[in-house]
Amino acid sequence: MKTIIQLSLICIIFASCSKGGSTDTTPAPTPPIPDTLTSGWTKTGNGIPAGAGVSDVFFTNPATGYATTTQGIYKSADGGINWNIFNAVNLPFNIGGLGNRYFFVGGDNRIHYTNDGTDFFSKSYFLADPATPQLGFKDCFVASSSIIYACSGRYIYKSLDGGANFDSVYVFATSTYNYAIFFTSITNGWLMRSDGLYKTTNAGANWTAVLGIGGASGNGSIDFLNATTGLVADGKDVYKTTDGGVNWSPVFSAPVYGYIDVDMITASDIYISATNRIYKSVNGGSNFTQVLSSGQNGIEEIHFIDANTGWACGGNGAVYRYKQ
């Protein structure tokens, strides 16, 4: 009996050891990092797939706007809360708009537009140096109901008929590339290139270098409040002018190089996005305070239509709305 009892105990011990030794060593999934949103900010983007990177968001009124994503163009009719697919075009990147007319440009060498939010048009345009990866349209700007500008790798395009047709008006001879374009009137405009900031005073027919900062990797951005006061960013640093670009002063430096967008609401109120955060200044850029941190998504664009209404967007279908 003693021998039987001993053998039984041994079996029990081995069975217990075997059970304990089959522990699953697969690491537990990392919990998502929560967003940090200050008063007025909410996360929206309902209807945009979670895996879709959102590269731009643009509204011309508090209700109607569009977002360009890696899975097409989405439209919102309720201020950015809910979104529906508008057109599944390939590689849309940036948006320009005025009234009910919106333009969408991107890496497919086409300019897309809608006149009323229901129709949709697309045209392809020749872009030089087809072997280079910097091709494709990078940005566009609607200067008036009839005059629209767009920039590709080395080309400046312009439409005089409301977007029905575009023609190239300037070609840069160097191997550097265009990234962001902004006009303060139908003739006076600014262009961020990989080798610096340029200005035109004759509707894009000529461009003059004015500031030696680089918007390499497509990270440059421009926004002007009026003809004299504006901001430019090169992916790391933000500069401000109050005399039409004669002088520039640094107002912000991001902790790392990456996507930066700038938006001047008033002479005092300024928003800047850098990496996955948004900062606000209420004193013209003298100081900035963080107002949003996107836990897992980089912020690529911010867009305000007034001091109380704005949006931001980034990776994984992320759209944020500011409403006071």
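In case you missed it, the structure is sitting above this.
Here is a short report on the structure shown in this document. (Residues numbered from 1 in each chain as written. Predicted model: local features only at pLDDT ≥ 70, side-chain atom pairs only at ≥ 80, totals over all residues. Heavy atoms only, no water.)

1. Focus: the packing of aromatic side chains
For step 1, the next point in the chain: Counted by the stated rule, this structure contains 32 aromatic pairs.
For step 2, the next point in the chain: Residue placement shows R193 over the ring face of F172; its charged tip is 3.7 Å from the ring centre.
For step 3, the next point in the chain: Taking the ring centre of Y198 as reference, the NZ or CZ of R193 above it sits at 5.7 Å. (Phe/Tyr/Trp six-rings, centres within 6.5 Å; stacked < 30°, edge-to-face > 60°. Lys NZ or Arg CZ within 6 Å of the ring centre and 35° of its normal.)

2. Digging into the nonpolar core
For step 1, the next point in the chain: I181, L191, L197, W207, I222, V232 and W248 are the most contacted members of the largest nonpolar core, which has 24 residues in total.
For step 2, the next point in the chain: Broken down by secondary-structure element, the contributors of at least two residues to this core are β12 (148–151), β15 (178–183), β16 (189–193), β17 (196–200) and β19 (221–224).
For step 3, the next point in the chain: Per element, the largest residue contribution to this core is four residues, and it comes from β15.
For step 4, the next point in the chain: Discounting chain neighbours no more than four positions away, the residues touching W207 are I156, Y170, F172, I181, F183, G189, W190, L191, Y198, K199 and T200.
For step 5, the next point in the chain: Listed in part, the 15 residues of the second largest apolar core include F103, I111, F137 and C140. (Core = buried A, V, L, I, M, F, W, Y, C linked by side-chain atoms within 4.5 Å. Buried < 20%, exposed > 50% of the residue type's maximum accessible area, 1.4 Å probe, protein only. Helix = DSSP H or I, 4+ residues; strand = E, 2+ residues; numbered from the N terminus. Contact = heavy atoms within 4.5 Å.)

3. Points about the pairing of β19
For step 1, the next point in the chain: Of the two faces of β19, the one lined by S221 and D223 and the one lined by I222 and F224 are each fully buried.
For step 2, the next point in the chain: The hairpin formed by β19 and strand β20 (residues 230–233) contains five residues between the paired strands. (Pairing = 2+ DSSP bridges.)

4. Let's talk about the pattern of salt bridges
For step 1, the next point in the chain: In the structure shown here, the tally under the stated rule is three salt bridges.
For step 2, the next point in the chain: Where D35 meets K43, a salt bridge forms, and the shortest distance between an N and an O atom there is 3.6 Å.
For step 3, the next point in the chain: D35 sits in the partly exposed class, given a relative accessible area of 26%.
For step 4, the next point in the chain: When the shortest N-O distance is used, the salt bridge between D195 and R193 registers 3.5 Å. (Salt bridge = Lys/Arg side-chain N within 4 Å of Asp/Glu carboxyl O.)

5. Quick notes on the sheet that holds β20
For step 1, the next point in the chain: Ordered in space as β19-β20-β21-β22, the four strands form an open sheet in which the pairing is antiparallel. The sheet is open, and its two borders are formed by β19 and β22 (249–253), each paired with just one other strand. Averaged over neighbouring strand pairs, the angle between their axes works out to 20° when direction is ignored.
For step 2, the next point in the chain: By the bridge criterion, four bridges tie strand β21 (residues 237–241) to β22 in an arrangement that is antiparallel. Bridging across to β22, D237 finds its partner in S253. (Axes fitted to C-alpha atoms, helices over the stretch in contact; angles between N-to-C directions.)

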